[in-house]
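Each chain, letter by letter, is given below.
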Amino acid sequence: MHGNNAETPLWGLLDPGIRPAPYPHHRRLRESGPIHHDPMGAFLLTRHADCAALLRDPRFGHGKLVTARPDGSPQAQVGRPFLFLNPPRHTRLRHLVGKAFAPPAVAMLRPRIERLVAQLLDDAIALGEVDLISTFAYPLPMMMICDLLGVPTEDHGMLQQWSHDLAMAFDPDFDFLQPPDILVQRDRAWSAFAEYFLDLAERRRRRPQADLISQLTAVEEHGDILSQEELLNTCELLLVAGHETTVNLLGNGTLALLRHPDQLDLLRRDPRLAGNAVEELLRYDSPLQFIARTALTDAQFAGRYVLAGELVIALVAAANRDPEVFNDPDRLDLARSPGRHLGFGLGIHSCLGARLARLEGQIALTALASLPGLALAGEPVYRDNPVLRGPASLPVRLR
Ligand code: HEM
């Protein structure tokens, strides 16, 4: 289904057929209009200016299923990580975990990331030809977030499966679109995850260690503590957001470099380009393709009338190639300044882990680029996730 998808439910974005090369499809959507409407009660934004405005607009937030109480006050939102909550609950929870991602805390992680990158690459190089995702791009962010949280190494494999299942239907505002078996799988993963983390939190409460779970169980500011449910939802958010995205930066990023040998060579010759390279790769092939918000009130937006409860989706992967903002947007150019890309979102929900993600990306991609024998050994197969888009497998030769 590569024709005109603007009129189909959710504009063809859920179609696995577009996953290997979605950008011509996104361009057609952008060129056929800044905003599209789907009768299911959703709008799609394709231009940078509109996507940025949506993410900064307090009239749009989360909670399709949240209904007003008879007195007009909003129903308490429970059982959601703070990515899917509105102020003031979002503000409070983001603040409570924010310290762990502040510049000094992240800078301290550099030696650990460098060691892990070197160790994973040494093991992979010994094999010669590998799947880069399962040997490198997945384990690196997974080990980092598990370390940060305080999950023992022997449990990482279990968490990987839960994380995959939770990420398949992460945004509860999209539940109505999900096939029932995906929701059952997610809910099963959630029960196992909750049981595991409650037990781990209890062990850390009794015997704290230098990890985030110990901090979260002890966190108290002005008498404010995390409830058990908030603790679990926060751990779930950090686990899923912490690596289901970074794996795509490493997978999409390496693939883009391998398909543009001149750009790979630029990075190889000048590793100081790493900071810029990561931003350009986030722009060129965004790990998160689209971001959804719900209208919290009836609102005029981008020239349309949006009813309270309707979804508005920012197609950031299209916005990041909007020619109004980026010159020659379909060209990968590690030397450009892609500062305004929306790869980490914008506004109150902008990525809390961006510093960590950037550091992991810079160290990992520079190390990969430094391998003289790095080459594609086959075509990528894409993950089954339309939002968190990236290769599930990427065969490469490392020597
Ligand atoms: C939020 C992208 C890595 C933690 C977000 C958002 C985006 C994003 C686009 C905003 C979503 C929205 O507005 O609905 C990415 C990308 C990453 C990455 C592309 C890797 C390349 C990480 C890492 C962590 C993390 C490593 C933590 C360890 C979070 C959290 C939020 C978030 C906690 C929610 C912020 C809030 O609601 O206030 N991320 N992320 N992310 N990200 Fe990331």
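Presented here is a report on the structure given in the accompanying data block.

Definitions and cut-offs
- Residues numbered from 1 in each chain as written.
- Predicted model: local features only at pLDDT ≥ 70, side-chain atom pairs only at ≥ 80, totals over all residues.
- Heavy atoms only, no water.
- Helix = DSSP H or I, 4+ residues; strand = E, 2+ residues; numbered from the N terminus.
- Rg over C-alpha atoms; globule rule 2.2 N^0.38 Å.
- Buried < 20%, exposed > 50% of the residue type's maximum accessible area, 1.4 Å probe, protein only.
- Donors = N, O, S within 2.8 Å, 3.2 Å for Na, K, Ca; no water.
- Polar contact = N/O pair within 3.5 Å; in protein donor to acceptor, adjacent residues only side chain to side chain.
- Contact = heavy atoms within 4.5 Å.
- Arc of directions from axis to C-beta.
- Axes fitted to C-alpha atoms, helices over the stretch in contact; angles between N-to-C directions.
- Parallel < 35°, antiparallel > 145°, perpendicular 65-115°, else oblique.
- Nonpolar A, V, L, I, M, F, W, Y, C, P; charged D, E, K, R; others polar.
- Pairing = 2+ DSSP bridges.
- Near = heavy atom within 4 Å.

Along the backbone of the protein chain there are 16 helices and 14 strands. In terms of overall size, the protein chain behaves like a compact globule, its C-alpha atoms giving a radius of gyration of 21 Å where 399 residues would be expected to give roughly 21 Å. Over its C-alpha atoms, taken along the principal directions, the protein chain stretches across nearly 65 × 60 × 40 Å. Residues classed as buried in the protein chain amount to 55% of the 399 residues present.

As a further point, take the coordination of the iron atom of the ligand. Reference values for coordination geometry: four tetrahedral donors around a metal ideally subtend 109.5 degrees, six octahedral donors ideally subtend 90 or 180 degrees. Exactly one protein atom donates to the iron atom of the ligand; that atom is Cys 351 (SG), 2.3 Å from the metal. Here Cys 351 is to be found in the loop between α15 (316-319) and α16 (354-369).

Moving on, we get to the side chain of Ser 214. Inspection of the secondary structure assignment puts Ser 214 in helix α10 (residues 212-218). Reaching out from Ser 214, the side chain makes a polar contact with the side chain of Asp 211 at a distance of 2.7 Å. Aside from chain neighbours lying at most four places away, what touches Ser 214 is Arg 204, Pro 208 and Gln 209.

On to helix α13 (residues 261-269), then. What α13 keeps buried is the set Gln 263, Leu 264 and Leu 267. The buried residues of α13 occupy one face: seen down the axis, they fall within an arc of 105°. Looking at α13, the residues exposed on the side facing more than 90 degrees away from the buried face are Pro 261 and Arg 269. Tucked into the core, α13 has its buried residues touching α12 (246-259), α14 (274-284) and α16.

What follows covers the packing of helix α7 (residues 139-149) against helix α8 (residues 156-168). When two helices pack together, their arrangement is given by the angle between the helix axes and the distance between those axes. It is at 11 Å that the axes of α7 and α8 come closest, and there the two elements cross at 105°. Accordingly, the angle class assigned to the pair α7 and α8 is roughly perpendicular. Packed against α7, whose contacting residues are Met 142, Met 143, Cys 146 and Asp 147, the element α8 presents His 156, Leu 159 and Gln 160 at the interface. Each residue belonging to the contact of α7 with α8 can be placed in one class, and the counts come to four nonpolar, two polar and one charged.

Within strand β7 (residues 291-295), five of the five residues are buried, which leaves the element mostly enclosed by the surrounding structure. Of the two faces of β7, the one carrying Ile 291, Arg 293 and Ala 295 and the one carrying Ala 292 and Thr 294 are both buried. Judged from the two bridges that link them, strand β3 (residues 60-61) and β7 form a sheet pairing that is antiparallel. Looking at β7, one finds that Gly 61 is bridged to Thr 294. One ladder, built from four bridges, connects β7 with strand β10 (residues 311-314); its direction is antiparallel. Residue Ala 292 lies in a different strand from β10, and its bridge partner there is Ile 313.

Time to look at the site of the ligand. Close to the ligand lie 29 residues, the nearest being His 90, Arg 94, Arg 293, His 349 and Cys 351. Here Arg 94 contributes a side-chain N or O atom positioned 2.7 Å from an oxygen atom of the ligand. In this structure, His 349 approaches the ligand through a side-chain N or O atom, which is 2.7 Å from an oxygen atom. Broken down by secondary-structure element, the contributors of at least two residues to the shell around the ligand are α3 (89-98), α11 (228-243), α12, β7 and α16. With four residues, the top contributor of residues to the shell around the ligand is α11. Classifying every residue of the shell around the ligand gives 18 nonpolar, nine polar and two charged.

Right, let's talk about the sheet that holds strand β2 (residues 42-45) for a bit. Strand order in this open sheet of five strands is β1-β2-β10-β7-β3, and the pairing throughout is mixed. The open sheet terminates on both sides in strands that have one partner only, identified here as β1 (35-38) and β3. Two strands pair when backbone bridges link them, and β1 and β2 are joined in this way by four bridges, in the antiparallel orientation. Bridge pairing links Ile 35 to Leu 45 in β2.

Counting buried positions over the eleven residues of α14 gives nine, a clear majority of the element. Along α14, the positions that sit buried rather than exposed are Ala 274, Ala 277, Val 278, Glu 279, Glu 280, Leu 281, Leu 282, Arg 283 and Tyr 284.

Alternating positions in β2 separate into two faces, Ala 42 and Leu 44 on one and Phe 43 and Leu 45 on the other, with burial throughout. A loop of three residues connects β1 with β2, the two strands running antiparallel in sequence, and Gly 41 in this loop sits at a positive phi of about 100°. Alignment of β2 against β10, held across four bridges, turns out to be parallel. Bridge assignment links Leu 44 to a residue of β10, and that residue is Ile 313.

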